[in-house]
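# Analysis of the macromolecular model
Chain by chain, the residues run as shown.
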Amino acid sequence: MARAGLTTERVVAAAADLADEAGYEHVSLSALARKFGVKDASLYSHVKNLHDLRTRLAFLAGGEMIDRIADAVAGRAGKDALAAFAGAYREYALEHPGRYAATQIRIDQSLAATSPAFARTAEVTHGMLRAYGLEEPDLTDAVRLLRSTFHGYCALEATGAFGASRDVRTSWNRAVDALHVTLEHWPHEESPSEEPPGEEPTSPQAP
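Residues numbered from 1 in each chain as written. Predicted model: local features only at pLDDT ≥ 70, side-chain atom pairs only at ≥ 80, totals over all residues. Heavy atoms only, no water.

Before going further, it helps to spend a moment on the packing of aromatic side chains. Applying the stated criterion across every chain, the model contains six aromatic pairs. Between Tyr-89 and Phe-150, the ring centres sit 5.3 Å apart and the planes meet at 55°, which makes this aromatic pair tilted. Of the two residues, Tyr-89 sits in helix H4 (residues 78-95) while Phe-150 sits in helix H8 (residues 138-158), which places them 61 residues apart along the sequence. Among the residues examined, Phe-150 registers a relative accessible area of 1% and is labelled buried. Relative to Trp-172, the ring of Phe-150 has its centre 5.6 Å away and its plane inclined at 40°; by these criteria the two rings are tilted. (Phe/Tyr/Trp six-rings, centres within 6.5 Å; stacked < 30°, edge-to-face > 60°. Helix = DSSP H or I, 4+ residues; strand = E, 2+ residues; numbered from the N terminus. Buried < 20%, exposed > 50% of the residue type's maximum accessible area, 1.4 Å probe, protein only.)

All right, on to helix H9 (residues 168-184) then. Its 17 residues give H9 an end-to-end C-alpha distance of 25 Å, which sits within 8% of 24 Å, the value for a rise of 1.5 Å per residue. The complete set of buried residues in H9 reads Trp-172, Val-176, Leu-179, His-180 and Leu-183. Here the buried residues of H9 occupy an arc of 105° about the axis, which is enough to place them on one side. The backbone nitrogen of Arg-169 has a side-chain oxygen 3.3 Å away, supplied by the residue at the start of H9, namely Asp-167. (Expected span 1.5 Å × (residues − 1). Arc of directions from axis to C-beta. Polar contact = N/O pair within 3.5 Å; in protein donor to acceptor, adjacent residues only side chain to side chain.)

Let's shift gears to unusual backbone geometry. A cis amide bond links Glu-136 with the next residue in sequence, Pro-137, at an omega value of 5°. Examined against the element boundaries, Pro-137 turns out to sit in the loop between helix H7 (116-130) and H8.

Attention shifts here to the packing of helix H3 (residues 50-73) against H7. It is the contact of H3 with H7, at a shortest axis distance of 9 Å, that shows an interaxial angle of 30°. When the axis of H3 is compared with that of H7, the two are roughly parallel. Seen from above, H3 lies across H7 with left-handed handedness. For the pair H3 and H7, contact is made by Phe-59, Gly-62, Gly-63, Ile-66, Asp-67, Ile-69, Ala-70 and Val-73 and by Ala-117, Arg-120, Thr-121 and Val-124, respectively. Considered class by class, the residues forming the contact of H3 with H7 number seven nonpolar, three polar and two charged. (Axes fitted to C-alpha atoms, helices over the stretch in contact; angles between N-to-C directions. Parallel < 35°, antiparallel > 145°, perpendicular 65-115°, else oblique. Left-handed = near helix turned anticlockwise from the far one by under 90°. Contact = heavy atoms within 4.5 Å. Nonpolar A, V, L, I, M, F, W, Y, C, P; charged D, E, K, R; others polar.)

The next subject is the nonpolar core. Across soluble globular proteins, you tend to see nonpolar side chains buried next to one another. Grouped together as the largest cluster of nonpolar side chains are 33 residues, with contacts concentrated most on Ile-69, Leu-82, Leu-129, Phe-150 and Leu-183. Taken together, the elements giving at least two residues each to this core come down to H3, H4, H7, H8 and H9. Ranked by the residues each element gives to this core, the list is headed by H4, at nine residues. Apart from residues no more than four positions distant in its own chain, Leu-82 is found in contact with Met-128, Tyr-132, Leu-146, Phe-150, Val-176, Leu-179, His-180 and Leu-183. (Core = buried A, V, L, I, M, F, W, Y, C linked by side-chain atoms within 4.5 Å.)

In the contact formed by H8 and H9, the axes pass within 12 Å of each other and the chain directions differ by 175°. The pairing of H8 with H9 is recorded here as roughly antiparallel in orientation. Contacts between H8 and H9 involve Ala-142, Leu-145, Leu-146, Thr-149, Phe-150, Tyr-153, Cys-154 and Glu-157 from the first element and Val-168, Ser-171, Trp-172, Leu-179, Thr-182 and Leu-183 from the second. Looking at side-chain class alone, the contact of H8 with H9 contains 10 nonpolar, three polar and one charged residues.

A word on the pattern of salt bridges. Inspection of the entire model under this criterion finds 11 salt bridges. Among the salt bridges present, the one from Lys-35 reaches Glu-21, with a minimum N-O distance of 3.7 Å. You can see Lys-35 sitting in helix H2 (residues 29-36) and its partner Glu-21 sitting in helix H1 (residues 8-22), a full 14 residues away along the chain. With a relative accessible area of 58%, Glu-21 lands in the exposed category. A salt bridge links Arg-130 to Glu-135; the shortest N-O distance between them is 3.4 Å. (Salt bridge = Lys/Arg side-chain N within 4 Å of Asp/Glu carboxyl O.)

Right, here's the structure in full:
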């Protein structure tokens, strides 16, 4: 691939493709330089270092993921919205394992605050949960429950860790049913916590 026309956007997009093809842990400036047919130094005009590249990759993947989720939940509420949210989350995680891994890295909060993807994820996720009557601090607790459930399930499914004969998708649907019941009967905290709200749902880390 020729060096001409190299841009930050192309470099980050190539990193996203590499993450899906070879695994997030194999995304490096050297690997990208080989992909573009240039020397490593040529990439420093577009990204500061590997950390900067991976942060940009996280924002790219997070934006893609929340766009898919937002499309899925549009016009829905309650259980229908939760099931659509969960389904879109799972599909993205399994279809784009490298990109998805990028959404799980810890992002500096000062950078996250400037990310449209981060803000949109909070808006979509919190909007869905407020339909269950949740406000802070219960909102943050519910986000953490959904994120840990979805991520844990997808991570185990991706590695083939579910060995029982029970259909994996059926178990997923039952888990979403159970989350819906939990959200409908959320044990609200009687006294508001004095702690500030925790992390937003994505790093766009979706929830």
